[in-house]
Amino acid sequence: MSEGFDWLFFFEISLAGLGSGGLLALAGLALVIIYKATRVVNLAIGEMLMMSAYLFFALTASMNLPVWVAIVGTILSSGVLGALIERSMIRPMLGESPISTFMVTVGLSSVLVGLVELIWTADPRRLPEFMPTDPVLLGPAMVAPKVFYGFLISAALIAVVLGVFRFWRGGVALRATASDQAAAYSMGINVPRVFSLSWTVAAMIAAVAGIVVGAIGGISSTMGVFGLSTLVVVIVGGLDSVVGALLGGLLVGLVEAWAGAYLGGEYKVIATFSLLLLVLLVRPYGLFGTHDIERL
Amino acid sequence: MLQIEDVTLAFGGVRALNGVSLQVAPGSITSVIGPNGAGKTSLFNTISGFYRPKSGAILFEGQDITQRPAPQRAKLGLARSFQNIALFRGMTVLDNIKLGRHAHLKTNLLQALFYAGAARREEAALRADIEERIIDFLEIDHIRHASVAALPYGLQKRVEMARALAMQPKVLMLDEPVAGMNREETEDMARFILDVRDEWGITVLMVEHDMGMVMDLSDHVVVLNFGQVIASGTPKDVQGNPEVVKAYLGSGDVAQLRRQLTGAASPT
């Protein structure tokens, strides 16, 4: 560091990190919603996100629908897919041990990867451009437009989701179910519907994340590894904490960006999982998690 | 009001309930008693819809509700409390009580977004109703904004009852309402239970181990043992019933038992 620290570079890297952190937070939010309502750790979140990206690809590139129609179509069909997954694979596991349900989601991720490779082959693809392409200047720092708009989309969607769950009674039903299923059930809350709703909403959120991630980096059948970082995000933040997912997302995004810039791209994953290890050593329930999480 | 007809509930080979029939008369306080493991809580869970009986029927106001899921039964007017308090921890007392009205709120998401006015009016009416009646009645005004997790046990039980009342039930089911309470708390709760019936006209069905309270409050007592009804009637009838004494104290003649024990202990 004889030439002094390049603050502008650091600032730009940090902005890029926050950008991908926003997406991680978004996917983390989807995971937390599912965990809160159904106590299932959904390892297939990355693959659900990938599936949605491919649905978007099919609607735009293959069927030539306008982008906005395709976005709405992708979100809706992903929601249906989420509900189908819950009904056909998760609901029958009710009452089974958490590890069994967890393994079902592991299987689900393989099934989704297989489906995508059967239909679209394993070749990477590019999504059509739909975001403005002019570079964005924040003060002296330049941010890649896709990262910038991706962050805006993530932030807006997170705000909408939080608002809906705060003010809509369905959100109250979700919180009640998360707190005590039996009590919620006896209180007239339709717990099975809350389960189904949580998977639907989570799948829709993951769809948006999938479209943006795909737009930034292209899509391939391996983009589900994004889900691994998401898992780190929610474990760092606390599996059942929405705030934890949001801050955890930003934190992991920043750490990945810094590690990638200063240590080299191959250190990204190492840095992420070192962070996970560190947090687990100090706070086994995550930064904001409650203390009664079951062991897997 | 509530009619249980020949209900059998089995978990694998274990019959938790075996041909149980009982009636809860409108406006009565009916108690279900029995030794541990007699099937009292299983009966409660079957009535509120958590368990489906293998055979038999449950009738609520003459309507067969055996196949109805729990939330629908809640809407019809069956509210319950739990043996090991099931409050929504992390929420305030008021939030918990407000959730009790969930079954009766009709506003859905679209309406909530587009007709905020109607939703707010409903909310306001709900608040007034709850605050005026239930909180005053159960004397929990001072803890309205407290987090339920931090409350002492006796008050948690009271909040749970408040939440059940907020459902505006026709039948209030209480699973061991005074378990673990001291004398004073028990007396308060007994008074509340009587008032719920007398002032609010709500029928009460409870499971309780505190015999003093059961005998003082109940109009009708049903005794379960090993999943079967072994006696029912007024508190007086039940107290004198030899079957009931046997279920609680064990069977056999004490002198005979003593002979058996000494016989077994002495070397042959």
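Note on numbering: residues in each chain are counted from 1, in written sequence order. Here every chain gets a letter starting at A, and every ligand a number starting at 1, in the order they are written. At least 70 in pLDDT is required for a residue's local features to be given in this predicted model, at least 80 for side-chain atom pairs to be given and counted, and no such filter applies to totals for whole chains, interfaces and linings, which use all residues.

## Quick word on the sheet that holds strand β6 (residues 78–80) of chain B
All names here are of chain B.
- The mixed open sheet is built from six strands, whose spatial order is β6-β7-β8-β3-β9-β10. Where the open sheet ends on each side, the last strands, each with one partner, are β6 and β10 (228–233). Direction aside, the axes of adjacent strands within the sheet are offset by 20 degrees on average.
- Pairing between strands is defined by DSSP: at least two bridges between the two strands are required. Secondary structure elements are defined from DSSP: runs of H or I of at least 4 residues count as helices, runs of E of at least 2 residues count as strands, and each element is numbered from the N terminus. In this sheet, strand β7 (residues 171–175) lies alongside β6 in parallel orientation, the contact comprising three bridges. For A79, the partnering residue across the bridge sits in β7 and is L172.
- Here, residues touch in the contact sense if the C-beta positions derived from the backbone fall within 7 Å of one another. Angular values range over 0 to 180 degrees, each being the angle between N-to-C directions of two axes fitted as lines to C-alpha atoms, with helices fitted over their stretch in contact. Contacting β3 (29–33), β7 and β8 (203–207), helix α7 (residues 183–200) crosses the sheet at an angle of about 150 degrees to β8.

## Observations concerning the sheet that holds strand β4 (residues 55–60) of chain B
All names here are of chain B.
- Read from one edge of the open sheet, four strands run β2-β1-β4-β5, paired in antiparallel fashion. This sheet does not close on itself; its edge strands, each paired only once, are β2 (14–24) and β5 (63–64).
- In the sheet, strand β1 (residues 2–11) pairs with β4 via five bridges, with the strands oriented antiparallel. When the bridges of β4 are listed, L2 appears paired with F60.
- Against the sheet, helix α1 (residues 40–48) touches β1, β2 and β4, its axis set at about 65 degrees to β2.

## So, the packing of helix α9 (residues 226–237) of chain A against helix α11 (residues 268–282) of chain A
Residues and elements named next belong to chain A.
- Remark: α9 packs on α11, axes separated minimally by 10 Å, with the N-to-C direction vectors making an angle of 25 degrees. Looking at the two axes, α9 sits roughly parallel to α11. Classified by chirality, the crossing of α11 by α9 is left-handed. Facing α9, whose interface residues are S229, V232, I235 and V236, α11 presents T272, F273, L275, L276 and V279.
- Each residue is assigned to one of three groups, with Ala, Val, Leu, Ile, Met, Phe, Trp, Tyr, Cys and Pro labelled nonpolar, Asp, Glu, Lys and Arg labelled charged, and all others, Gly among them, labelled polar. For the contact of α9 with α11, a count of residues per class yields seven nonpolar, two polar and no charged. The cut-offs work like this: below 35 degrees is roughly parallel, past 145 is roughly antiparallel, 65 to 115 is roughly perpendicular, and the gaps in between are oblique. Working rule for handedness: look at the near helix, and if it is turned counterclockwise from the far one by less than a right angle, call the crossing left-handed; if clockwise, right-handed.

## Details of the interface of chain A and chain B
- Counting residues at the interface gives 17 residues for chain A and 22 residues for chain B.
- Within the residue set of the side of chain A that touches chain B, elements represented by two or more residues are α6 (169–179) and α7 (181–186) of chain A.
- Counting residues per element, the side of chain A that touches chain B draws most heavily on α6(A), which supplies six residues.
- For the side of chain A that touches chain B, the per-class residue count stands at 10 nonpolar, five polar and two charged.

## Regarding the pairing of β2(B)
All names here are of chain B.
- Here β1 runs beside β2; their pairing, made up of seven bridges, is antiparallel. Bridging from a neighbouring strand, V7 pairs with V20 of β2.
- Counting the residues between successive antiparallel strands, the hairpin from β1 to β2 contains two residues, one of them, G12, with a positive phi of roughly 60 degrees.

## Section: the nonpolar core
- Here, a nonpolar core denotes buried Ala, Val, Leu, Ile, Met, Phe, Trp, Tyr and Cys residues that are linked to one another through C-beta atoms within 7 Å. Any residue with 12 or fewer other C-beta atoms within 10 Å of its own C-beta is exposed, any with 20 or more is buried, and the rest are partly exposed; the C-beta atoms used are placed from the backbone. A:A27, A:L29, A:I205 and A:A206 are the most contacted members of the largest nonpolar core, which has 163 residues in total.
- The leading source of residues in this core is helix α8 (residues 191–217) of chain A, at 18 residues.
- Residue ranges for the domains originate in an automatic or database domain assignment. Two domains each put at least three residues into this core: domain 1 (1–77 + 169–268) and domain 2 (86–167) of chain B.
- The residues contacting A:L29, other than those within four sequence positions of it, are A:I158, A:V161, A:I205, A:V242, A:A245 and A:L246.

## Digging into the confidence of the model for chain B
Residue and element names in this part refer to chain B.
- Per-residue confidence for chain B averages 84 on the pLDDT scale, and 83% of its residues sit at or above 70.
- As a per-residue measure, pLDDT reflects the predictor's confidence and takes values from 0 up to 100. At the level of individual helices and strands, chain B shows its lowest average pLDDT in helix α4 (residues 109–114), which scores 53, and its highest in β8, which scores 95.
- Scored as a complex, the prediction yields pTM 0.80 and ipTM 0.73.

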